[in-house]
Amino acid sequence: MYDMRFALDFIWIRSGKVVELTPAVPPPSETRGIPATINPAEAADQVLEVASGFIVRHGIKVGDEVEFRP
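Residues numbered from 1 in each chain as written. Predicted model: local features only at pLDDT ≥ 70, side-chain atom pairs only at ≥ 80, totals over all residues. Heavy atoms only, no water.

A.B. asks: I'd love a proper account of the pattern of salt bridges, names of residues and values included.
C.D. replies: Per the counting criterion, the structure on display carries three salt bridges. The salt bridge involving Arg 14 is made with Glu 42; its shortest N-O contact spans 4.0 Å. With Arg 14 in strand E1 (residues 8–14) and Glu 42 in the loop between strand E2 (17–25) and strand E3 (46–51), this residue pair connects regions lying 28 residues apart in the sequence. When its relative accessible area of 40% is taken as the criterion, Glu 42 is described as partly exposed. (Salt bridge = Lys/Arg side-chain N within 4 Å of Asp/Glu carboxyl O. Helix = DSSP H or I, 4+ residues; strand = E, 2+ residues; numbered from the N terminus. Buried < 20%, exposed > 50% of the residue type's maximum accessible area, 1.4 Å probe, protein only.)

A.B. asks: I'd like to hear about the pairing of E1, residue by residue, with values.
C.D. replies: Counting buried residues in E1 gives six out of seven residues, a clear majority hidden from the surface. Summarising the sheet, E1 and E2 pair through six bridges and their orientation is antiparallel. Residue pairing in the sheet places Ile 11 in a bridge with Leu 21 of E2. Between E1 and E2, which pair antiparallel in sequence order, lie two residues; one of them, Ser 15, sits at a positive phi of approximately 50°. Pairing of E1 with E3, which is carried by six bridges, proceeds in the antiparallel orientation. Note on E3: the bridge partner recorded for Leu 8 is Ala 51. (Pairing = 2+ DSSP bridges.)

A.B. asks: How would you summarise the nonpolar core if you had to cite specific residues and measurements?
C.D. replies: Within the largest apolar cluster, six residues are counted, these being Ile 11, Ile 13, Val 18, Val 50, Ile 55 and Ile 60. When residues no more than four places from it in sequence are discounted, the contact partners of Ile 60 are Ile 11, Val 18, Leu 21, Phe 54 and Ile 55. The next biggest cluster of nonpolar side chains, apart from the first, holds five residues, and it includes Phe 10, Trp 12, Val 19 and Val 25. (Core = buried A, V, L, I, M, F, W, Y, C linked by side-chain atoms within 4.5 Å. Contact = heavy atoms within 4.5 Å.)

This is the structure:
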């Protein structure tokens, strides 16, 4: 995420369920040019990166089911 210019929320997913949330990960411009390294405490098979604030705006919580649609 070297070229990212805004903060992100990470939604960690395993087997179609949210297992962990990492809100407001700062961009490299706010961390002296070094991207943050983020690893979930829970095992995950997918991560959804969205603009910061998405988790709160949509009321996402651990345990929520996730459905991806084309």
